[in-house]
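Summary of the model geometry
Spelled out from the first residue to the last, the chains are:
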Amino acid sequence: MQRHPWRAVEQHRNVPGRCFRLTLTLGPGADRLRVEVTDARGDLWPWPAPAEDGPDALPTGGRGLTLVTALADHWDCAPYPPSGKTVRAVLTTPADG
């Protein structure tokens, strides 16, 4: 497993046709992080991968959205004109109890 989550995005930075923009915004009080990844592939919308069992249960790729779903409080995908998309996720720190 990779040490830093952004390396999953970084590994695609030099692949032709996979240009992207990563935006990280820390909210007031540093209790909320908004992550946005925009790319030009509006024809490919994200879908969480189904859980797999068997000999290839730990593939080397395709886990990004599974991690986002598990860690984010909310995520969605929006069109990015003229032909791209932006995947947006919000993560908040737990309230002190």
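Everything below is about the structure shown above.
Below: a short report on this structure.

Rules used in this analysis
- Note that residues are indexed from 1 along each chain, following the sequence as it is written.
- Local features are withheld for residues below a pLDDT of 70 in this predicted model, meaning they are given only at 70 or higher, and side-chain atom pairs are given and counted only at 80 or more; totals for whole chains, interfaces and linings count all residues.
- Only heavy atoms go into the side-chain values, all of them from the structure, while hydrogens and water stay out.
- Two joining distances apply to patches: 9 Å for like charges and 5 Å for nonpolar side chains (Val, Leu, Ile, Met, Phe, Trp, Tyr), and every residue must have over 30% relative accessible area and no salt bridge.
- Under the convention used here, a 1.4 Å probe and the Shrake-Rupley method define accessible areas, while residue burial counts only the protein chains that appear.
- Should a side-chain nitrogen of Lys or Arg be within 4 Å of a carboxyl oxygen of Asp or Glu, the pair is scored as a salt bridge.
- Here a helix means four or more residues in a row that DSSP labels H or I, a strand means two or more in a row labelled E, and each is numbered from the N terminus.
- Two strands form a pair only when DSSP identifies at least two bridges running between them.
- Summary of the burial criterion: residues with accessible area below 20% of their type's maximum are buried, those above 50% are exposed, and those between are partly exposed, where the area comes from a 1.4 Å probe applied to protein chains only.
- Note on method: axes are straight lines fitted to C-alpha atoms, helices fitted across the in-contact stretch only, with angles between N-to-C directions ranging 0 to 180 degrees.
- Here a polar contact is taken to be a pair of N or O atoms separated by no more than 3.5 Å, where protein atoms must pair a possible hydrogen donor with a possible acceptor and residues adjacent in sequence count only if both atoms sit in side chains.
- Residues are treated as being in contact if the distance between any of their heavy atoms lies within 4.5 Å.

This brings us to a nonpolar patch on the surface. Side chains of F20, L22, L24, L26 and L33 sit close together on the surface and give an oily, nonpolar patch of about 430 Å² of accessible area. Looking at the nonpolar patch, the element that brings in the most residues is strand 1 (residues 20-26), giving four residues. Mapped onto the secondary structure, L26 falls in strand 1.

Turning next to the pairing of strand 2 (residues 32-39). In the case of a regular strand, side chains alternate between the two sheet surfaces. One ladder, built from seven bridges, connects strand 1 with strand 2; its direction is antiparallel. When the bridges of strand 2 are listed, R21 appears paired with T38. Sheet analysis places strand 2 next to strand 4 (residues 84-92), joined by eight bridges and oriented antiparallel. Opposite V35, over in strand 4, you have A89 as the bridge partner.

This part covers the pairing of strand 3 (residues 74-80). Relative to strand 4, strand 3 runs antiparallel, the two being bridged by seven bridges. Following the sheet pairing, Y80 is matched in strand 4 by G84. Connecting strand 3 to the next strand, strand 4, in antiparallel fashion are three residues.

Let's shift gears to the pattern of salt bridges. Inspection of every chain in the model, using the stated rule, returns four salt bridges. When the shortest N-O distance is used, the salt bridge between D39 and K85 registers 2.8 Å. Taken together, the residues span a long stretch of sequence, with D39 in strand 2 and K85 in strand 4 at a distance of 46 residues. We classify D39 as partly exposed; its relative accessible area is 23%.

Here we take up the sheet that holds strand 4. Read from one edge to the other, the open sheet built from four strands follows the order 1-2-4-3, with strand pairing classed as antiparallel. Where the open sheet ends on each side, the last strands, each with one partner, are strand 1 and strand 3. Pairs of neighbouring strands in the sheet enclose a mean axial angle of 15°, with direction left out of account.

Turning to the side chain of E36, a few remarks are in order. On the secondary structure map, E36 appears in strand 2. Polar side-chain contacts of E36 include one of 2.8 Å to the side chain of R34. Those residues in contact with E36 that sit more than four places away from it in its chain are R21, L22, T23, T86, V87 and R88.

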